[in-house]
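Residue-level listing of the chains:
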Amino acid sequence: MSWRARRVAFAEVAALQEALEVPEPVAWALVRRGLGDPAAAREFLASDGELAPAEDLAGVGAAADRLARAVRAGERVAVHGDYDCDGVCSTAILVSALRGRGGDVRPFLPSRFDEGYGVAVGTVERLAAEGARLLVCVDCGTSALEALTRATDLGMDVVVLDHHLAGGRRPPGIIANPALGRPPDDLPAAAGVVHMVVRALAARLDGGGLAPDPDECMDLVALATVADAVPLVGDNRRRVARGLRMIREAPRPGIAALCAAAGLEPRVVSARSLGFTLGPSINAAGRLAHPERALELLLAADRETADPIGAELWARNAERREVERAIVDEAVAMVEAEPEHIRAAGVVVAAGDGWHEGVVGIVASRLVERFERPAIVLARQGGTAKGSGRSLPGVDLHALVDAASAPLLRWGGHAGAVGLELPADAVARFRDELIAAAEGARAAIARARVRPVDAVVGGRDLTLATAEALEALAPFGRGNPPVRLVVPGAAVESPGRVGQGRHLEVRLRTGGVHARAIGFRMGERAAGVDPEVRHDAVVSLEVERWQGLVGPRVALDALEPLGPGEPLPGMCARPCDAACPERRGIDELRAIVEEEPAVATPPGHAGDPAGVRDRRGEGASLAAIAALAGADRGVVAVVSDTARRREALVAALEPARLGLEVAVLGGARCDPGALAMRLARARGVPAMAMLDYHALAEVEPPEGVHIVLVDPPAGPEEAAWALHRAAGRWLHLVWGEAETELALAVAEAEWELRPAAAAVWTALRDGAPRPWGPELERALVGDGAWSRPPRVAARALAVLAEVGLVEVGEDGVRATADPDRRELDGSPRYRACRERLEEARRYLGLAPTLDLRTAAAEAALIG
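Novice: Help me understand the overall build of the chain, please; the structure alone is not making it clear to me.
Specialist: Within the chain one finds 32 helices and 27 strands. Burial statistics for the chain: of 863 residues in total, 56% are counted as buried. Contacts in the chain between residues at least 24 apart in sequence constitute 72% of all its contacts with a sequence separation of at least 6. Accessible surface, the chain: about 34,700 Å² in total, of which carbon and sulfur atoms supply 50%.

Quick look at the structure:
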């Protein structure tokens with residue numbers, strides 16, 4: 001698993017957050033979804049715009065004319081649907097509209113097991129024999145050339161209201177199918193096409209005002225739209241939003257009955273409820289029995305009729321889940337037992353004897369989740385195999401199957417899903433040809449495996465307020481997926497299994513905040529979660545409503561352990577120890593011993609920051625750096641001591657996975673020239689740098705980056721340099737109590753010279769003369785995990801010299817022969833450093849409310 005956040009301009013995020021008064025994660029999400037303009041974002045969030053004129057879709061007007069003529073003439077209309085949720089809802093919508101206007105209607109839904117997918121010739125002949133003069137195919141028919149040609153031969157007119165793709169010749173009759181006239185990225189479900197025709201029909205027949213409202217079916221349009229996984233953008237989004245309002249306010253008897261059977265309050269029904277509770281229950285009738293029971297439920301006039309059917313379908317759905325679970329287990333084992341070249345292929349094909357063909361589509365979806373590639377599942381029965389396929393977003397499964405369709409008896413579908421039938425002995429050939437076709441789609445499949453995330457967040461963002469604000473982006477589904485957040489570098493604690501072992505439960509800890517998270521159908525991951533390893537958690541944040549209680553729910557989409565990471569250009573190959581080839585040299589250390597330079601202040605006023613974001617006290621440093629890595633040209637994290645910070649921050653951040661091309665570490669131990677050369681690699685590319693305040697005063701950060709103060713400045717000069725470098729850039733203050741404590745520890749290590757002086761004295765006390773060079777340098781800066789900053793080592797040596805314990809000369813350094821104890825307070829340099837430490841302590845005491853402009857003015861006065 002990997003994730004990526006699309007790079008955006010932070011100014012848009014900040015402006016949108018201010019204009020809409022929403023939490024920052026919501027603003028990030030809107031901008032990344034192309035809604036950075038406040039007016040466009042408001043319109044999207046309102047989701048109450050007008051639908052496009054129905055007759056803009058070719059064929060709608062002609063279909064409405066023919067239906068109106070049939071109603072006026074009293075002709076029998078046969079409505080042939082499909083056995084899935086979209087087909088059942090489409091049938092119910094058109095049947096209700098025609099009956100409500102006095103039409104003579106004969107609905108027909110095929111059995112998955114008898115008639116199979118699509119329109120059969122035998123069905124057409126039966127409907128003609130029953131007196132149908134007009135055959136309307138909903139959610140089917142576009143590829144039914146033979147059957148619909150037979151219908152016209154028998155004297156029936158034909159109307160096809162569909163949204164499926166199909167190759168080859170078109171059947172006779174009137175066809176309204178948006179898939180035939182524009183790219184399939186925002187197609188409605190068949191129920192949406194039927195609703196367009198009903199609107200057009202109402203305009204032709206409803207002059208008296210007594211006919212039903214053409215929009216009274218919007219609840220069924222919403223249910224079908226979500227269940228059929230069509231893109232929830234544009235009019236589809238508006239249809240679902242309107243339909244959900246209808247269900248919440250006044251559900252039709254069939255929907256209310258199904259909610260009651262599922263223990264679901266209609267007032268809290270969401271798009272997720274449609275997709276995971278109501279839709280599967282409608283589908284269950286066609287998967288395990290006959291879809292007519294689902295049609296009866298949706299057409300029921302009262303609860304007395306609807307309640308027993310709702311209970312029956314819910315029981316069928318529970319049965320379907322058990323059957324599905326058993327087949328999923330068998331299919332997964334089958335795929336994992338295949339030879340390596342099959343397991344590594346770009347598509348999964350699983351076929352089994354005796355598998356229930358009614359659940360193979362759902363099993364295919366589970367295999368897509370498990371193996372992160374398109375999947376087709378086939379049920380062999382006698383001499384044929386029937387099945388369904390599902391795909392990843394952005395991978396056109398219809399095109400892949402088309403390239404391997406030679407062995408198929410019949411098939412159809414769209415980019416995200418297909419249905420097919422073939423001889424049982426042709427399964428191996430079909431699989432091989434499909435795998436070959438998928439070779440050309442490997443790049444698309446690889447891209448689809450990368451999870452796009454909308455915002456990078458910390459633990460304090462996972463609140464009910466944020467969840468409620470994110471809910472405004474609903475309804476969610478294909479094309480408008482649930483908002484994905486990533487919690488980077490989180491500690492994962494207390495992994496366990498819940499829900500009879502099917503689900504994973506963990507506690508995510510980040511920024512000092514704990515959040516309980518649930519990973520649905522991820523229970524098998526519990527044993528493999530290492531609490532000692534930090535993880536990226538990709539989550540959705542939802543509002544959970546249960547028995548009158550409301551709270552945030554964190555649902556895991558993925559949990560990825562962090563590894564060593566990919567080294568990037570500019571990244572130091574070595575830790576900050578004495579062996580680093582780009583460290584400051586002995587000559588600079590020697591110069592500081594003789595006379596420490598005055599603290600430099602910025603040269604004049606460089607300009608104001610582009611903006612200042614104050615998130616102090618939120619524990620947001622890690623999340624802020626990771627979030628801003630995806631904005632503009634990247635980020636510079638300013639810390640008290642790079643050597644102390646590098647392991648914790650870099651290991652948790654892994655710059656390569658943040659979409660960065662260059663990563664630079666720099667601090668007081670670095671040679672300024674070498675550091676500047678590494679930073680030069682960041683020109684014009686997304687980059688991250690970690691600099692301490694000392695380095696910040698010496699080198700110019702890359703253009704276009706954000707300045708994030710992770711640790712607070714320990715004096716007015718540091719604050720002044722931070723403000724100076726932030727001129728024209730965004731400045732972010734993210735430190736909290738822990739960061740202030742670290743800054744104080746760094747200040748004490750720098751200005752309280754007793755420990756450093758003791759360490760240097762220990763290294764030199766044998767009295768051996770040491771010339772200026774590498775050996776003396778190692779004695780002064782130490783040989784630990786990180787070296788002592790040269791200026792600290794130089795001060796310690798100067799203090800020892802001032803109290804007479806060492807002699808410093810042109811040739812080198814040696815300890816004096818006098819072994820008497822000396823008080824360091826006798827050193828002017830030591831006393832000056834003690835005063836500077838007291839100033840740092842005072843200054844860091846102001847860190848929670850420190851005003852950088854006041855600090856900069858103070859630094860100017862000092863300078």
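Novice: What exactly am I supposed to notice about the sheet that holds strand 20 (residues 634-639) here?
Specialist: Within a sheet, adjacent strands bond to each other through the backbone by hydrogen bonds, running parallel or antiparallel. The strand order across the open sheet built from 6 strands is 19-24-23-20-22-21, with neighbouring strands paired in parallel fashion. The open sheet terminates on both sides in strands that have one partner only, identified here as strand 19 (611-614) and strand 21 (662-666). For this sheet, the mean angle separating the axes of adjacent strands, direction not counted, is 15°. When strand 20 meets strand 23 (residues 706-709), the two strands line up parallel, connected through 4 bridges. By the bridge assignment for strand 23, Val638 is matched with Leu709.

Novice: Mind showing me how you'd approach the side chain of His163 here?
Specialist: The topology assignment puts His163 in the loop between strand 5 (157-161) and strand 6 (174-176). Overall, the relative accessible area of 1% leaves His163 in the buried class. Looking at His163, its side chain comes within polar contact range of the side chain of Asp86, at 3.3 Å. At 3.1 Å, the side chain of His163 forms a polar contact with the side chain of Asp228. Apart from residues no more than four positions distant in its own chain, His163 is found in contact with Asp86, Asp139, Asn177, Ala179, Leu187, Pro188, Ala189, Ala190, Asp228 and Val230.

Novice: Sorry, what's going on with the packing of aromatic side chains here?
Specialist: We describe a pair of aromatic rings using the distance from one ring centre to the other and the angle between the two ring planes. For the structure shown, the criterion picks out 2 aromatic pairs. With a centroid separation of 5.7 Å and an interplanar angle of 50°, the aromatic rings of Phe10 and Trp28 are classed as tilted. Of this pair, Phe10 sits in helix 1 (residues 10-20) while Trp28 is found in helix 2 (residues 24-32), placing the two residues 18 residues apart along the sequence. Comparing Phe10 with Trp28 shows no difference in burial state: the two are buried. Ring centres 4.9 Å apart and planes at 85° place the aromatic pair Phe10 and Trp730 in the edge-to-face group. On the criterion of sequence distance, the pair formed by Phe10 in helix 1 and Trp730 in strand 24 (residues 730-733) is long-range, its members being 720 residues apart. With relative accessibility at 1%, the residue Phe10 sits in the buried group. Using a relative accessible area of 16% as the deciding quantity, one classes Trp730 as buried. Taken together, Phe10, Trp28 and Trp730 form an aromatic cluster joined through their ring pairs. Cation over ring: Arg321 sits above Trp314, and NZ or CZ is 5.2 Å from the ring centre.

Each value, and the rule that gives it
Residues numbered from 1 in each chain as written. Predicted model: local features only at pLDDT ≥ 70, side-chain atom pairs only at ≥ 80, totals over all residues. Heavy atoms only, no water. Helix = DSSP H or I, 4+ residues; strand = E, 2+ residues; numbered from the N terminus. Buried < 20%, exposed > 50% of the residue type's maximum accessible area, 1.4 Å probe, protein only. Contact = heavy atoms within 4.5 Å. Areas by Shrake-Rupley, 256 points an atom, 1.4 Å probe, with all protein chains shown as cover. Pairing = 2+ DSSP bridges. Axes fitted to C-alpha atoms, helices over the stretch in contact; angles between N-to-C directions. Polar contact = N/O pair within 3.5 Å; in protein donor to acceptor, adjacent residues only side chain to side chain. Phe/Tyr/Trp six-rings, centres within 6.5 Å; stacked < 30°, edge-to-face > 60°. Lys NZ or Arg CZ within 6 Å of the ring centre and 35° of its normal.

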